[in-house]
Amino acid sequence: MNFLRVWAIFLRQYFLIRKSFQRVLGIFYWSALELFVWGAMTIYLDRVGQTEFSFIALILGAVILWNLLGRVQHGITVSFLEDVWTRNLINLFASPLRVSEYMAGLLLTSFVEVVAAFLFLSGISRLLFAYNVFSFGWYLLPFVAVLFLFGWALGIFATAIILRLGPSSEILAWSIPAFLSPLSGVTYPIATLPPALQAIAALLPSSQVFEGMRALVLTGAFDAKSLAFAFVLSLLFLFLSYLFLLASYRNVLKKGLFVRFVTE
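Being a predicted model, the structure only gives us computed values, none of them experimental.

The rules behind these values
- Residues numbered from 1 in each chain as written.
- Predicted model: local features only at pLDDT ≥ 70, side-chain atom pairs only at ≥ 80, totals over all residues.
- Heavy atoms only, no water.
- Salt bridge = Lys/Arg side-chain N within 4 Å of Asp/Glu carboxyl O.
- Helix = DSSP H or I, 4+ residues; strand = E, 2+ residues; numbered from the N terminus.
- Buried < 20%, exposed > 50% of the residue type's maximum accessible area, 1.4 Å probe, protein only.
- Phe/Tyr/Trp six-rings, centres within 6.5 Å; stacked < 30°, edge-to-face > 60°.
- Contact = heavy atoms within 4.5 Å.

**Student:** Would you mind going over the pattern of salt bridges with me for this structure?
**Tutor:** It is possible for side chains bearing opposite charge to pair when their charged atoms get close. The full count for this structure, using the stated rule, is 3 salt bridges. Across the salt bridge formed by arginine 12 and aspartate 83, the nearest N and O atoms sit 2.6 Å from each other. Of this pair, arginine 12 sits in helix H1 (residues 3-18) while aspartate 83 sits in helix H3 (residues 55-85), and the two are 71 residues apart along the sequence. For arginine 12, a relative accessible area of 25% translates into the label partly exposed. The exposure class assigned to aspartate 83 is buried, which follows from its relative accessible area of 1%. Note that arginine 214 is salt-bridged to glutamate 211, the shortest N-O span being 2.5 Å. Taken together, the residues arginine 214 and glutamate 211, both in helix H9 (residues 205-219) and 3 residues apart, mark about one turn of the helix. Judged by its relative accessible area of 7%, arginine 214 is buried.

This is how it looks when you write it as structure tokens:
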């Protein structure tokens, strides 16, 4: 792998974001809006419930972490779609650039975007709702690590499908997090789901993260075994997604389908 090419892909995305108000808005505005809605709801629940239990500690942290997962996935797929929309994809792969170098550049872009958005949301939640997501302490690191790996896997998977099916399938870039949200138990335990869906949810790293976070808030117990299982699952999904991406890329080359990214 040539790390200069990886850095070049990252710099391209950086300059695109810096000069695009829409991309900057997409990183910060929607995340802040979602946080504000959920924050206002948790305050309302606290007042209506009239108990000593704090819904903010239970729900707002989950919303911030779920937003992190979505931003990780979008950071990859939206960066890929930028090259699709500008008809630049075929130019990139006509060069000596490898798929691994291209994806590494997008992963780096995603990482920087998400760190910026996460710090921004953390500041907003502290300022508006007096909630500090860093109150989890060092336990926050495994939660974030699993969500990063799983988000990268989802981003690569969505990219592979768009590459295989063509630009018309770009709706997948936005719909995957929404599809997984009910199964991830972001704001409720997966035990509330029907039994068949519980079995599916148990295989999602995201559900393990949010179940573990709730257990930490409610009981103070950290389930290291479940988080280790989620970490292994995330690595497996990341590996399989990358294999699927390579297969899609070779299929596109073999059938000469790159022309779709110029004509569609």
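**Student:** What exactly am I supposed to notice about the packing of aromatic side chains here?
**Tutor:** The description of an aromatic ring pair uses the distance of the two centres, along with the angle that the planes make with each other. All told, the structure shown has 14 aromatic pairs when counted by the stated rule. Judged by centre distance (6.1 Å) and plane angle (55 degrees), the ring pair of tryptophan 66 and phenylalanine 210 falls under tilted. In this pair, tryptophan 66 sits in helix H3 while phenylalanine 210 sits in helix H9, placing the two residues 144 residues apart along the sequence. Each member of the pair, tryptophan 66 together with phenylalanine 210, is buried. Residues tyrosine 139 and phenylalanine 222 carry aromatic rings whose centres are separated by 4.6 Å and whose planes lie at 25 degrees to one another, so their mutual orientation is stacked. Pair noted here: tyrosine 139 is in the loop between helix H5 (99-129) and helix H6 (140-165) and phenylalanine 222 is in the loop between H9 and helix H10 (224-255), with a separation of 83 residues, a long-range link. Residue tyrosine 139 is classed as partly exposed on the basis of its relative accessible area, which comes to 38%. Note on phenylalanine 222: relative accessible area 27%, which makes it partly exposed.

**Student:** I keep staring at the environment of alanine 202 and nothing clicks. Help me out?
**Tutor:** Along the polypeptide, alanine 202 turns up in the loop between helix H8 (195-201) and H9. The class of alanine 202 is partly exposed, set by a relative accessible area of 28%. Along the sequence, alanine 202 and serine 184 sit 18 residues apart, while their C-alpha atoms lie 8.6 Å from each other. In this structure, alanine 202 is in contact with Ser207, Gln208, Phe229 and Leu233, ignoring residues within four places of it in sequence.

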